[in-house]
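Structural overview for review
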Amino acid sequence: MDQKELNWAPGTKILVILAHPDDPEFFMGATIAAWTSAGFKVQYGLLTEGERGVSAAFPDWNLLPEIRKIEQRKAAAVLGVHEIDYFGYPDGYLKGSLELYKRLVAFIRKVQPDILVTCDPNMLFSHGRYVNHPDHRAAGQIVVDSLFPAVGNASFFPELLEEGLMPWQVKELWLCLTNEPDLLLDADAFWKTRYQALCEHRSQIGDPEVLLQRLTAQRGNAQEPYREGFKRIVFGG
Ligand SMILES: [Zn+2]
């Protein structure tokens, strides 16, 4: 699918909520770049600061939150994203709670996105090679459960009404990092942009040349356009 076929109005607002710094770039970086270059406004909400992404080169998890936030700011900027909110939950232990649901309901009502994006909570394994990080699955489940029915229903967390956070209707929910995409979006023009954004996550990617080789191998047939897969739910569509 070409993104022009989405028929979104100029200025469409897209909120991407995921678990860790680097998740937006790894899961859907080319799509994000395509969206911002088309004039849509994209912003992130990240539920953790990724402090457990340690390695031999970056062994101190006390230092990682600051390092990773700087990396994330630079990576997002490569994709045309300049607004990032952090929720500060412990990396690796993400679980739903009433407190977190309420914070997310408040956040989504405040941002008022047309499109909400998170990851597929059902992806346990990937391509016969990876176990999906439990935080990714948890983030997807938490965001979906926060969105519906609470964001659009005034009787959930009624105290939010006193803060002016009125019910909000999101038009579409998109799930990235899925084994069962029902939509493949052509993001070929932004494959390199995604790689450049990923390179800003220095604490996570290791050797940029090795990453480039890996991404090139994953891409497969270079004659085919690079596409990123999603599940798409169009409310009332
Ligand atoms: Zn992650």
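This text gives an overview of the structure that appears in the document. Keep in mind it's a predicted model, so treat the numbers as computed, not measured. (Residues numbered from 1 in each chain as written. Predicted model: local features only at pLDDT ≥ 70, side-chain atom pairs only at ≥ 80, totals over all residues.)

Turning our eyes to something else, we now look at the pairing of strand E4 (residues 115–119). Side-chain direction in a regular strand flips from residue to residue, so the side chains alternate between the two faces of the sheet. Burial within E4 is extensive, with 5 of its 5 residues counted as buried. Alternating residues of E4 divide into Ile115, Val117 and Cys119 and Leu116 and Thr118, and every residue in both groups is buried. The pairing of strand E1 (residues 13–18) with E4 spans 3 bridges and is classified as parallel. Its bridge partner lying in E4, Ile14 is registered against Ile115. Looking at chain direction, E4 and strand E7 (residues 172–176) are connected through 5 bridges and run parallel. (Buried ≥ 20, exposed ≤ 12 C-beta atoms within 10 Å, placed from the backbone. Helix = DSSP H or I, 4+ residues; strand = E, 2+ residues; numbered from the N terminus. Pairing = 2+ DSSP bridges.)

Between the first and last C-alpha of helix H2 (residues 64–78) there are 21 Å, a value that for 15 residues agrees with the 21 Å anticipated at 1.5 Å per step. Here H2 has its buried residues at Leu64, Ile67, Arg68, Glu71, Gln72, Ala75 and Ala76. Along the long axis of H2, the arc covered by the buried residues comes to 155°, so they all point the same way. Packing partners of the buried residues in H2 comprise helix H1 (23–37), strand E2 (41–48), strand E3 (84–89), helix H6 (191–199) and helix H7 (202–205). Positive backbone phi, at 90°, marks Gly80, one or two positions downstream of H2. (Expected span 1.5 Å × (residues − 1). Arc of directions from axis to C-beta. Contact = placed C-beta atoms within 7 Å.)

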